[in-house]
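Understanding the architecture of this molecule
Here is what each chain is made of, one letter per residue.
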Amino acid sequence: MLVEDEEPARRRGQQVNGEVSSTPWLAGTGDSPLRGRAAPEGSRTEVTAESWEPGPALGDGDATPRGTSQRAGQREEALMGELSELVREVVKSSGWWERHGVDISILTCSFLLLPAGFLCLRSAQAIPFLVGVLTLGVVHHTLTVKGSHLASHNALTESKSWGKVWAIFFIEFCSAFTAEQGTYNHVKIHHGYTNIIGLGDSSTWKVPFLNRYVYMFVAPLAVPIITPLVALDLLRNVEWKTALRTFCCMFLGLYCHYWLLLHVSGFQSPWSALLCMLLTRSLLAHPYIHVNIFQHIGLPMFAADRKPKRIHLMSLGVLNLPRNALLDWSFGHSLISCHVEHHLFPSLSDNMCLKIKPVVSQYLKQKKLPYNEDTYTSRLRLFLRRYEELMVHAPPITELVGIQ
């Protein structure tokens, strides 16, 4: 079960309504209005914290024999090992097409759509022009979000050398960000310390001085501008050779987009071309920001020295959204409907995450572990209603108690 760190019942080792914490940021909050909820309103969390058998508080030396804590840890490791073996069998039975080919084909199709998008922008008529904007916007986000995400996990190929090449291409050339820092922050920090306060707690997405409507509906339009600026600032933390390579790739990627708009799409002025760049690069910025906060913030948060084992950490702190044709194509299954599966097995491609989804969901439900699911609109309403708690104030720490 889950209780907040401040609860006196934790020290007594008793169950308190299966409470979970919210995940706000910055200033202290005291008691959170989200206490007592195993999942946000409207969610379809299959098995919540209340399902777990009560027991003595882990970490309380006067109430819990050391052997009990060790046995609990061994059981959790055994659960993860058992699930890993089930997933390994699915992967072994899958050919190259399922492991990598499907996602590579989606990225290839996106590249092939680029000429059509730029040529549609030549039209003086509204409908073809809008088709061009939509085409380039979807292609841009497919390459920068799906491509960069898969490349950062080396999920496009089984070769580490080619994985490095694809990471530089998708993250630096297409996305105008730094591959080293992007991969480190996402793979090492966010995945390594998912929902751990001060590390992988998604606080990088929080801008507490903005009000809820500006943050949710206006600020995403600035993502194409903010991204390269943040990347340039991060270059101070890498070697000069890496910084030079990253700067050249970023500049080349942005300039190619600008040059094609002028010479292929026929824009007459630099400002109109830059405005079109901003429009296409921010086309799906709203769901991009929303997805990044919906799937972790509002779920349990833990202290680094008292975090649960991996299978509990990921089942508690990650949420799946329903399948959506546009977002599945542009962002990938691992960021939308298979985010739980992705956090448990991050090296798998989007298509493989979709394939193992029935195995993972059935196993977690069978073992009475949480399997969090919620709709996009439900999460949007939740964040608009409780923006101050979720995105401004400091999150209370959640602890696991008595996992039997």
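The numbers attached to residues start from 1 for each chain and follow its sequence in the written order. Where local features are concerned, this predicted model is filtered to residues with pLDDT of at least 70; where side-chain atom pairs are given and counted, the filter is 80 or more; whole-chain, interface and lining totals use all residues. Hydrogens are left out, water is left out, and the side-chain values use all remaining heavy atoms of the structure.

In the nomenclature of an unreviewed UniProt entry, the protein is known as FADS6 desaturase of Todus mexicanus.

We note that Ala176 has phi near 60°; this positive angle belongs to a residue other than glycine. Counting through the fold element by element, Ala176 comes out in the loop between helix H5 (160-174) and helix H6 (179-191). On the accessibility criterion, Ala176 (3% relative accessible area) is buried. Of note in this structure, Lys368 is not a glycine but carries a positive phi near 60°. With respect to the helices and strands, the residue Lys368 is situated in the loop between helix H15 (350-366) and strand E3 (372-373). In this text, helices come from DSSP runs of H or I with a minimum length of four residues, and strands from runs of E with a minimum of two, each type numbered from the N-terminal end. Residue exposure (1.4 Å probe, protein chains only): buried if accessible area is under 20% of the type maximum, exposed if over 50%, otherwise partly exposed.

Turning our eyes to something else, we now look at a nonpolar patch on the surface. A contiguous nonpolar surface patch, about 870 Å² in accessible area, is contributed by Ile225, Ile226, Leu229, Val230, Leu232, Phe247, Phe251, Tyr255 and Trp259. Only helix H8 (223-234) and helix H9 (240-263) provide two or more residues apiece to the nonpolar patch. At 5 residues, H8 tops the list of elements feeding residues into the nonpolar patch. Residue placement: Ile226 occurs in helix H8. Residue classification places Ile226 among the partly exposed residues on the basis of a relative accessible area of 45%. To count toward a patch, a residue needs a relative accessible area over 30% and no salt bridge; like charges are then connected within 9 Å, while nonpolar side chains (Val, Leu, Ile, Met, Phe, Trp, Tyr) are connected within 5 Å. With residues, only the protein chains shown are counted as cover, and all accessible areas are computed by Shrake-Rupley using a 1.4 Å probe. The salt bridge definition used is simple: a Lys or Arg side-chain nitrogen within 4 Å of an Asp or Glu carboxyl oxygen.

Let's shift gears to the packing of helix H3 (residues 96-120) against H15. Across the interface, H3 lies against H15 with an axial gap of 7 Å and an inter-helix angle of 130°. Compared by their axis directions, H3 and H15 come out oblique. Facing H3, whose interface residues are Glu98, Arg99, Val102 and Asp103, H15 presents Asp350, Asn351, Met352 and Lys355. Split by residue class, the contact of H3 with H15 holds 2 nonpolar, 1 polar and 5 charged. In this analysis, axes come from line fits to C-alpha atoms, helices being fitted only over the stretch in contact, and the angle between any two N-to-C directions falls in the range 0 to 180 degrees. When an angle is under 35 degrees it counts as roughly parallel; over 145 it counts as roughly antiparallel; between 65 and 115 it counts as roughly perpendicular; any other value is oblique. It only takes one pair of heavy atoms within 4.5 Å for two residues to be counted as in contact. Under the convention adopted here, Pro, Cys and the residues Ala, Val, Leu, Ile, Met, Phe, Trp and Tyr are nonpolar, Asp, Glu, Lys and Arg are charged, and Gly plus all remaining residues are polar.

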